Amino acid sequence: TFSGAVMAAPPTPEMLSYACAGCHGTNGGSAGMTMPSLASQSKASIVDAMKKFKSGDRPSTVMGRLAKGYSDAEFAAMGEFFSKQKFHPTTQMVDAAKAKRGEEIEDANCSRCHIDQGKDGKDDTPVMASQWLEYLKMQAALYDSGARKMPKDMADKWNKLSKEDREALLHFYASVK
Amino acid sequence: ATTTGSGDAPAVGKTAELMPKGSARRVVVVGGGYGGTIAAKYIRMLDKSIEVVLVEKSKQFVSCPFSNFYIAGMTNDMNAITIGYDKLAANHGIKMVYAEVTQIDAAAKKVVTTEGTLAYDRCIVSPGIDFRTEEIEGYNAKTAEAFPHAWKAGAQSTLLRNQLQAMPDGGTVVMSMPLTPYRCPPGPYERSCLIAHYLKKHKPKSKLILLDANPDVVSKKPLFTKAWSTYYKDNFQYIGGKKVTQVNVAGKSVSIEGIEDFKGDVINLIPPQRAADIMVKSGLVGDDKRWCPVDAISFESPKAKGVHIIGDATALPSDGPPMPKSGYSANSQAKFCAQNVLNLMNGKPTVEFSGINVCYSAISDHESVSIAQVFNLQNGKIKSPATAISPADFSLTKAEHAYGESWLKNILTEMST
Ligand SMILES: Cc1cc2nc3c(=O)[nH]c(=O)nc-3n(C[C@H](O)[C@H](O)[C@H](O)COP(=O)(O)OP(=O)(O)OC[C@H]3O[C@@H](n4cnc5c(N)ncnc54)[C@H](O)[C@@H]3O)c2cc1C
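1. With respect to the environment of B:Trp228
Residues and elements named next belong to chain B. Summarising the element assignment, Trp228 is placed in helix α7 (residues 221–231). The exposure class assigned to Trp228 is buried, which follows from its relative accessible area of 7%. The spacing of Trp228 and Tyr189 is 39 residues in sequence and 9.6 Å in space, taken between C-alpha atoms. Sequence-distant contacts of Trp228, that is, excluding residues within four places in its chain, are made with Tyr189, Ser192, Cys193, Leu210, Val217, Lys233, Phe236 and Tyr238.

2. Things to note about the site of the ligand
Residues and elements named next belong to chain B. The environment of the ligand is formed by 33 residues, the closest being Glu56, Val101, Ser126, Arg183 and Asp312. Gly35 has a polar backbone atom sitting 2.9 Å from an oxygen atom of the ligand. Notes on the ligand: free accessible area 1000 Å², of which the protein chains cover 94%. Looking at the shell around the ligand, the elements with two or more residues in it are α2 (67–71), α9 (327–345) and β23 (354–362). With 3 residues, α9 is the largest single contributor of residues to the shell around the ligand. Classifying every residue of the shell around the ligand gives 15 nonpolar, 11 polar and 7 charged.

3. A word on the sheet that holds strand β17 (residues 266–269) of chain B
All names here are of chain B. If you trace the 4 strands from one edge of the open sheet to the other, you get β13-β12-β11-β17, paired in parallel fashion. Single-partner strands in this sheet number two, and they are β13 (236–240) and β17. The average angle at which neighbouring strand axes cross in this sheet is 15°, direction not considered. Note: strand β12 (residues 207–212) against β13, 5 bridges, orientation parallel. By the bridge assignment for β13, Leu211 is matched with Ile239.

4. Observations concerning the sheet that holds strand β7 (residues 110–113) of chain B
Residues and elements named next belong to chain B. Taken in spatial order, the 3 strands line up as β6-β7-β8 in an open sheet, and their pairing is antiparallel. Each edge of the open sheet carries a strand with a single partner, namely β6 (101–105) and β8 (116–119). Each strand of the sheet is rotated relative to its neighbour by a mean of 20°, with strand direction disregarded. Direction of pairing for β6 relative to β7: antiparallel, over a ladder of 4 bridges. Considered in β7, the bridge of Ile104 is made with Val111.

5. Thoughts on the interface of chain B and chain A
A common way to express how large an interface is: the accessible area buried when the components associate. Every contact between the two is made by 47 residues of chain B and, on the other side, 41 residues of chain A. At the boundary of chain B with chain A, the tally comes to 1 salt bridge. In this structure, B:Glu400 and A:Arg65 form a salt bridge, with 3.3 Å as the shortest nitrogen-oxygen distance. Scanning the region where chain B abuts chain A turns up 18 residue pairs in polar contact (both at pLDDT 80 or more). Only α1 (36–46), α9, β23, β24 (368–378), β25 (381–389) and α10 (397–416) of chain B provide two or more residues apiece to the side of chain B that touches chain A. In terms of residue count, α10(B) provides more of the side of chain B that touches chain A than any other element does, 11 residues in total.

6. Side note on the packing of aromatic side chains
In the structure shown here, the tally under the stated rule is 17 aromatic pairs over all chains. Taking the centre distance of 5.2 Å and the plane angle of 80° together, the rings of A:Phe81 and A:Phe82 count as edge-to-face. There is no split in this pair, since A:Phe81 and A:Phe82 are both buried. Taken together, the ring pairs connect B:Tyr189, B:Phe224, B:Trp228, B:Phe236 and B:Tyr238 into an aromatic cluster. The ring of B:Tyr70 is capped by B:Arg161, whose NZ or CZ atom sits 4.4 Å from the centre of that ring. The residue whose ring lies beneath B:Lys325 is B:Trp291, and the NZ or CZ to ring-centre distance is 3.9 Å.

7. Thoughts on the pairing of β7(B)
Connecting the antiparallel pair β6(B) and β7(B) is a turn made up of 4 residues, with B:Lys109 showing a positive phi of about 50°. In this antiparallel pair of consecutive strands, β7(B) and β8(B), the connection spans 2 residues.

8. Quick look at helix α5 (residues 72–83) of chain A
All names here are of chain A. The end-to-end C-alpha distance of α5, which contains 12 residues, comes to 16 Å, matching closely the 16 Å that a straight helix rising 1.5 Å per residue would cover. Along α5, the residues classified as buried are Phe75, Ala77, Met78, Gly79, Phe81 and Phe82. Residues of α5 that are buried in the fold lie against α1 (13–18), α3 (43–55) and α4 (63–67).

9. Thoughts on the environment of B:Val52
All names here are of chain B. Along the chain, the position of Val52 falls in strand β2 (residues 51–56). Spatially, the C-alpha atom of Val52 lies 6.2 Å from that of Lys95, the residues being 43 residues apart in sequence. Those residues in contact with Val52, other than ones at most four positions away along the chain, are Val27, Val29, Ala40, Ile43, Arg44, Ile94 and Lys95.

10. Brief notes about the packing of helix α6 (residues 187–202) of chain B against α7(B)
Residue and element names in this part refer to chain B. At their nearest, the axes of α6 and α7 sit 10 Å apart, and the two run at 10° to each other. Considered as vectors, α6 and α7 are oriented roughly parallel to each other. Across the interface between the two elements, Tyr189, Glu190, Ser192, Cys193 and Lys200 from α6 touch Phe224, Ala227, Trp228 and Tyr231 from α7. Tallied by class, the residues present in the contact of α6 with α7 amount to 6 nonpolar, 1 polar and 2 charged.

11. A closer look at the pairing of strand β9 (residues 122–125) of chain B
All names here are of chain B. The alternating pattern of β9 places Arg122 and Ile124 and Cys123 and Val125 on opposite faces, both of which are buried. As paired strands, strand β1 (residues 26–30) and β9 are joined by 4 bridges and run parallel to one another. In the sheet register, Val28 faces β9, and the bridge partner there is Cys123. Pairing analysis gives 3 bridges linking β9 to strand β21 (residues 304–309), with the strands arranged parallel. Residue Ile124 lies in a different strand from β21, and its bridge partner there is His308.

About the cut-offs
- Residues numbered from 1 in each chain as written.
- Chains lettered and ligands numbered in written order.
- Predicted model: local features only at pLDDT ≥ 70, side-chain atom pairs only at ≥ 80, totals over all residues.
- Heavy atoms only, no water.
- Helix = DSSP H or I, 4+ residues; strand = E, 2+ residues; numbered from the N terminus.
- Buried < 20%, exposed > 50% of the residue type's maximum accessible area, 1.4 Å probe, protein only.
- Contact = heavy atoms within 4.5 Å.
- Near = heavy atom within 4 Å.
- Polar contact = N/O pair within 3.5 Å; in protein donor to acceptor, adjacent residues only side chain to side chain.
- Areas by Shrake-Rupley, 256 points an atom, 1.4 Å probe, with all protein chains shown as cover.
- Nonpolar A, V, L, I, M, F, W, Y, C, P; charged D, E, K, R; others polar.
- Pairing = 2+ DSSP bridges.
- Axes fitted to C-alpha atoms, helices over the stretch in contact; angles between N-to-C directions.
- Salt bridge = Lys/Arg side-chain N within 4 Å of Asp/Glu carboxyl O.
- Phe/Tyr/Trp six-rings, centres within 6.5 Å; stacked < 30°, edge-to-face > 60°.
- Lys NZ or Arg CZ within 6 Å of the ring centre and 35° of its normal.
- Expected span 1.5 Å × (residues − 1).
- Parallel < 35°, antiparallel > 145°, perpendicular 65-115°, else oblique.

Below you can see the structure in the form of structure tokens.
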């Protein structure tokens, strides 16, 4: 007889989340320059993103299709798992002058939600510190085109900034370790 | 007749014990590719008390994913798809053995290799595929040198690439692909797009013919047919229902049932496939003599207690379309296999499968499409609650191309660190 088929338990949070690593890296620390790290993001931000991907509220290439295969309870289990993983610092090529400009204007514009220079996030706000610049630029383009909706208070700040300053902020966050 | 088309002499196993087992329990993992590296790594990540020995015949692994870019000259860098095992072994305390496994002896709980035998408590095997060349008349040990398959990456990829580059403009390239199931369902169609792209750019008077043994396109059909008709209608022809049954190397042609011949200046013949030779030799293939049956939870072979099989070699019990034979599938399966092997060794309940397959396919040098699938266990079988391909309006192809490159980087980093 098979040893496995009897009385198997439902997949654990770890096992659900390990499946995501093929794209997001082992334990959610991404090595690919366009793929976001999930490690150390809050449970709320992961669950919120997955729900929005599933409903189509947030535009995506692949996540909307994958999210349809999971339940809310599974989103919560995976969110819990990734929130417990160590912060994943990256070493990236950023423009030093832009990063400096970003640092100057970050506090007044973004720090209410992107807390501690983006290492933390209020409620469902994702971690942006050390996030891959290429990924942030792709997401910023979606915000700029209107395809991805911003929280109202973020839009109030974002829309007042010049294109250069928005980019400067992304360079700054990508450089935070 | 050899079935690998490699022309190598058969490997001989040595009976002396290679690495005597100490007091620690041992898992031997056979095959350091998409499945095996991950199984070895996750066993060690999950339980440091287990000794893991990874047996692989080559010092370096060349990834099939993205090898089509190299074949079609879009990158000259084979290093980007090549990994070694040093960091993986050092980071996780995995013991590497570079040797060919010649026998998996489940009764004696050992594997026999060209360097000696290894005793195990449990064995995980992810050996990939070999070819059923015996089904093609005239195919011998030298055929793959003339008509490369390039369906295992490395020297074969370089051979096909060199043939394409050496071909004078005005030539014809013939690709032949087998009936399902075979490794990587969208792979041949991706390759056809990239070769057609190469010809269009560098050899505009040349053409490509894809002979599909299947009656119709078997993967991402709306996306590939659109790519062909949009980008390659002047230099590419798809013909379904053409199963190559005979080769004529001297005449540079392949034949369909002796009725119809296709001549090519370059011929990329991808033969029908089965589980790797070692599985046939060790009696681990099923009644079809091709693929290895396994339990859908533990991946244990019903034919060999304590031997667990993952990746391309398997035939998983499935309800509906099975998990494709892909690198992503092998990665997902490896993690559950590792966890359940540990659970069985530690007397804990096994856990049900929940995994992913995503395959990115390039349709040109800067555009890609994908299939995304979640799989889980329902009534003892693997089933997909969600499967979908990219939108057919090609609105996301450039973004997916960028994400696809990061997928490769991440999955190869998972395997090598
Ligand atoms: C052109 C092409 C493109 C592809 N593109 C994609 C893609 O974009 N995405 C995707 O997910 N998949 C893709 N695939 C599929 C993917 O390559 C396979 O599904 C994957 O490699 C399967 O993993 P595996 O562990 O079963 O076998 P492999 O990765 O082939 O690993 C098997 C390993 O076992 C070793 N081995 C075998 N026999 C022995 C022995 N007797 N002793 C010692 N070692 C042994 C081999 O040397 C090898 O290293 C593609 C395939 C091809 C051909």
